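Notes for the structure review
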Protein chains: 2
Amino acid sequence: MDYTGFFRSELDRLRLEGNYRKFAELERHRGRFPVANCHNGPGEVTIWCSNDYLGMGQHPKVLSAMHEALDRTGAGAGGTRNISGTTHDHVILESELADLHNKEAALLFTSGYVSNWAALGTLAARIPNCVVLSDALNHASMIEGIRHSRAQKVIWKHNDLADLEAKLAALPPEQPKLIAFESVYSMDGDIAPIAAICDLADRYGAMTYLDEVHAVGLYGPRGGGIAEREGVMDRLTIIQGTLGKAFGVMGGYIAASAEICDFVRSFASGFIFTTALPPALAAGAAASIRHLKASSDERAAQQARVAQVRARLDEIGLPHIENPSHIIPVMVGDPVKCKFISDMLLREHGIYIQPINYPTVPKGTERLRITPSPVHSQRDIDRLIAALGTLWARCQLARQPLAAQ
Amino acid sequence: MDYTGFFRSELDRLRLEGNYRKFAELERHRGRFPVANCHNGPGEVTIWCSNDYLGMGQHPKVLSAMHEALDRTGAGAGGTRNISGTTHDHVILESELADLHNKEAALLFTSGYVSNWAALGTLAARIPNCVVLSDALNHASMIEGIRHSRAQKVIWKHNDLADLEAKLAALPPEQPKLIAFESVYSMDGDIAPIAAICDLADRYGAMTYLDEVHAVGLYGPRGGGIAEREGVMDRLTIIQGTLGKAFGVMGGYIAASAEICDFVRSFASGFIFTTALPPALAAGAAASIRHLKASSDERAAQQARVAQVRARLDEIGLPHIENPSHIIPVMVGDPVKCKFISDMLLREHGIYIQPINYPTVPKGTERLRITPSPVHSQRDIDRLIAALGTLWARCQLARQPLAAQ
């Protein structure tokens, strides 16, 4: 077997398909984000595609909590949670998270990916004869977790209550069921009908697992997510979230009953056999959560920027998916043009927006996924709209009919 | 289905079996490690079971690199590696790691667990008809990665060259093969015959995947691990390591050819769909690696402490596994006594050593896994030996015959 030849030909195939990824090498400047230095690009750029949705990654409270924890305790945790790696900062953070979602307990993981993979994988594998009802657009980490469990999986049409109900009704009433879905879907920015899904779960005796990674910190009076905003947190069996997006740090978690957190803690390989998060990350995340529980300024500013960018896109007729979230997918619909526009934005305008192509989104729906944030200025918005307008013309892309002026 | 009842009964079963884990809640004090405050225990304790093997988690160079990066760039990376999350600090760290192992490239993951799971899972799944030859005592993360791949798996007896060869010889010569093993095994502290395994790999046309998580930073003139010490790094296809043990921070990686790193980077779900490590962690890890490339003082001091603890255990006849590594498994051989000694060490002597029971180790081999480090003082060693001697007597545990004095 010519291993190297195999790897080369697979990589060549990716290149031919236009799916080979080159990473932009960025260096953010604290206090100047969304500006960053692009080391393998044109130098200074403005980032418009970050998941540090509120700029909390440079919030003074977050940074000072991290500095303080580094000075107090040092760098790493030095072990798994069971073998010397549980620190006071982890325990405090888990308590903040339980409080955020009004659940009995929370359990930390090293990432949102690992929390989905490990929690879903463990629950679905260990509950005898469990069937997972998985939304068709669930994130890769959920899909891999369910796959890893080897449990029966039933995929229901994205956000489609009738299809979910049909699939629930077709299963034996006594079979254990777990409905897995997200609140805000990352690529389209649409939002699940959480309460109605909980109604179905109640009716058919299912547990619910809600991924709120694109919503925690961003929605609800205390940043508890869409479920908090809609007053349904108590109806969900498990809420999963991340510390690496709106909270600006890193890590993932579930919040649930004491029994469920203890069960996953006790049986999940991906939780047990891995070094714990550094205490400084836990301290930074706790500071971020605490701040966003008390302050809605960042959420309000973000929503205002989002509305403004949408309105400005509409003014020049650029097509974008109408959705009720903070994610603005500007639709290009062609992989080559999508990549070209992204390249030109970077090179000629100092604007960084990663193109989103297949397989992340279906072919024909290639897009620029824009995430306006409180840290973007009016001038940033003006420059973004001007650059997009210019490139849209250059690529001869269709525009939406403009509203009567 | 009574879900809560199910979770409760599973947890009760763990309690009955003596396998229910309670985590010690620790707060380390920078500059005073291995001393920590045990919030749910007796207050101040000395940690003897940390995987921060060299105390690099509180090294001034590591901490100042982390402080500097926090001040320079902020907290989190804000995205996946592909979508705004690749920072200058990641690129520098990957270059340090490639250099450490004298490989063309390296690829970072959020943890050692994820690096094993994602790299092995991707290689074994994507190489057509690949068979993985896995050492019987491989770590959970490797086992889960291989399992996830659904590739054919052949388990060979731990560190047994004859068995490995027999299993290689029984496979079709043209079938792609990947031999997965560790250098230092965490629970027994024994070391694989790396060169001889590479000989077999060459003979049978297999790739090799070596997990060096308990060796990087600790062995070899520049801390490249056992493979560096034995001059065989170039013979291994893939070397995997961690930034969370001897390097004192968090994260995992593989080092390999440019093609292999690019292949895993391009296809591994657990790499692609997860938020990148915070730049401050990358900066801290790079500083740690750089220091340990140039300084062997920490390695020498650790080896001296290990030899001293072994000699002192021998003096009082306490049984421990003779091995050529820094890990000292003191054998209790009874789960209840093992837990009792650990509890008494903590409560009465302020010494924290987590008991290692089944399923982590086989029944009848329950142990205290001791990891001496340069930060343990002579007084720490005196206290450890005195406490163990007292408790050994109290539990009426057998001693080794003493050498003639």
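Preceding this section is the structure that the text describes.
Now for a description of the structure that goes with this document. Since the structure is predicted, the reported quantities are computational estimates derived from the model, not experimental observations.

**Quick look at the overall build of chain A**
Each helix and strand in chain A was counted, giving 15 helices and 14 strands. Seen through its principal axes, chain A has C-alpha atoms that stretch 60 × 60 × 55 Å. Each of the 405 residues in chain A was classed as buried or not, and the buried ones make up 66%. Of the contacts made within chain A by residues no fewer than 6 positions apart, 70% connect residues no fewer than 24 positions apart. For chain A, the exposed area adds up to about 13500 Å²; of that, 54% sits on carbon and sulfur atoms. Of the charged side chains in chain A, 41 are positive and 44 negative; the average position of the first set lies 4 Å away from that of the second.

**Focus on the sheet that holds strand E13 (residues 355-356) of chain A**
Residue and element names in this part refer to chain A. Read from one edge of the open sheet, three strands run E11-E14-E13, paired in antiparallel fashion. Lying at the two open borders of the sheet, with one neighbouring strand each, are strand E11 (328-331) and E13. The pairing of E11 with strand E14 (residues 367-370) spans four bridges and is classified as antiparallel. Paired with isoleucine 328 across the strands is isoleucine 370, a residue of E14. Lying over the sheet, helix H14 (residues 335-349) contacts E13 and E14, oriented at roughly 45 degrees with respect to E14.

**Observations concerning the side chain of Ser288(A)**
Residue and element names in this part refer to chain A. Positionally, serine 288 belongs in helix H12 (residues 279-294). Serine 288 sits in the buried class, given a relative accessible area of 0%. A distance of 2.9 Å separates a polar atom in the side chain of serine 288 from the backbone oxygen of phenylalanine 247.

**Concerning helix H2 (residues 60-73) of chain A**
Since there are 3.6 residues in each turn of an α-helix, residues three or four apart along the chain are aligned in direction. Its 14 residues place the ends of H2(A) 20 Å apart at the C-alpha level, agreeing with the 20 Å of an ideal helix rising 1.5 Å per residue. Of the residues making up H2(A), those classed as buried are Val62(A), Leu63(A), Ala65(A), Met66(A), His67(A), Ala69(A), Leu70(A) and Thr73(A). Where the residues of H2(A) are buried, they touch helix H4 (88-100) and H12 of chain A together with strand E1 (26-28) and helix H2 (60-73) of chain B. Backbone geometry just downstream of H2(A) places Gly74(A) in the positive-phi region, at approximately 100 degrees.

**What to know about the interface of chain B and chain A**
Note: interface size is frequently given as the accessible area lost on complex formation between the parts. Chain B puts 96 residues into the contact, and the matching count from chain A is 96 residues. Inspection of the region where chain B meets chain A yields six salt bridges. Across the pair Arg8(B) and Glu259(A) runs a salt bridge, and its minimum N-O distance is 2.8 Å. On inspection of chain B and its partner chain A, the count reaches 52 residue pairs in polar contact (both at pLDDT 80 or more). Sort the elements by how many residues they give to the side of chain B that touches chain A and helix H1 (residues 3-17) of chain B lands first, with ten residues. Here the side of chain B that touches chain A is composed, by residue class, of 43 nonpolar, 29 polar and 24 charged.

**A look at the nonpolar core**
Of all hydrophobic cores here, the largest spans 124 residues; its most connected members are Ile179(A), Phe181(A), Ile194(A), Ile179(B), Phe181(B) and Ile194(B). Residues within four places of Ile179(A) in sequence aside, it is in contact with Leu133(A), Trp156(A), Leu164(A), Leu168(A), Ile197(A), Ala201(A), Ala206(A), Met207(A), Thr208(A) and Tyr209(A). Among the nonpolar cores identified, the runner-up in size contains 74 residues, and Phe267(A), Phe23(B), Ala124(B) and Ala180(B) belong to it.

**Observations regarding the packing of aromatic side chains**
Under the definition given, this model contains 15 aromatic pairs over all chains. Ring geometry for Trp117(A) versus Trp117(B): centroids 4.6 Å apart, planes at 50 degrees, classification tilted. Of this pair, Trp117(A) sits in helix H5 (residues 112-126) while Trp117(B) sits in helix H5 (residues 112-126), on two different chains. Grouping residues by exposure puts Trp117(A) and Trp117(B) together as buried. Cluster of aromatic residues (ring-pair linked, three or more members): Phe6(A), Phe7(A), Phe263(B) and Phe267(B). The ring of Phe23(B) has Arg265(A) lying over it, and the distance from NZ or CZ to the ring centre is 4.5 Å.

**Structural notes on the sheet that holds strand E2 (residues 35-38) of chain B**
All names here are of chain B. Spatially, four strands are ordered E1-E2-E3-E12 in an open sheet, and the strand pairing comes out mixed. Each edge of the sheet is formed by a strand with only one pairing partner; in this case those strands are E1 and strand E12 (351-352). Where E1 lies against E2, three bridges are found, and the strand directions are antiparallel. Paired with arginine 28 across the two strands is alanine 36, which belongs to E2.

**Description of the relation of the copies chain B and chain A**
Copies of the same chain, two in number, are related to each other by a rotation about an axis and a translation along it. The two copies are related by a screw motion: chain B maps onto chain A through a turn of 180 degrees and a shift of 0.0 Å along the axis, at an RMSD of 0.0 Å. Classification of the inter-copy transformation places it as that of a two-fold axis. Interface overlap between copies is the fraction of interface residues in one copy that are interface residues in the other; for chain B against chain A it reaches 100%, indicating a shared surface.

About the thresholds
Residues numbered from 1 in each chain as written. Chains lettered and ligands numbered in written order. Predicted model: local features only at pLDDT ≥ 70, side-chain atom pairs only at ≥ 80, totals over all residues. Heavy atoms only, no water. Helix = DSSP H or I, 4+ residues; strand = E, 2+ residues; numbered from the N terminus. Buried < 20%, exposed > 50% of the residue type's maximum accessible area, 1.4 Å probe, protein only. Contact = heavy atoms within 4.5 Å. Areas by Shrake-Rupley, 256 points an atom, 1.4 Å probe, with all protein chains shown as cover. Lys, Arg positive; Asp, Glu negative; His and termini not counted. Charge placed at Lys NZ, Arg CZ, Asp CG, Glu CD. Pairing = 2+ DSSP bridges. Axes fitted to C-alpha atoms, helices over the stretch in contact; angles between N-to-C directions. Polar contact = N/O pair within 3.5 Å; in protein donor to acceptor, adjacent residues only side chain to side chain. Expected span 1.5 Å × (residues − 1). Salt bridge = Lys/Arg side-chain N within 4 Å of Asp/Glu carboxyl O. Nonpolar A, V, L, I, M, F, W, Y, C, P; charged D, E, K, R; others polar. Core = buried A, V, L, I, M, F, W, Y, C linked by side-chain atoms within 4.5 Å. Phe/Tyr/Trp six-rings, centres within 6.5 Å; stacked < 30°, edge-to-face > 60°. Lys NZ or Arg CZ within 6 Å of the ring centre and 35° of its normal. Least-squares fit on C-alpha atoms with pLDDT ≥ 70 in both.

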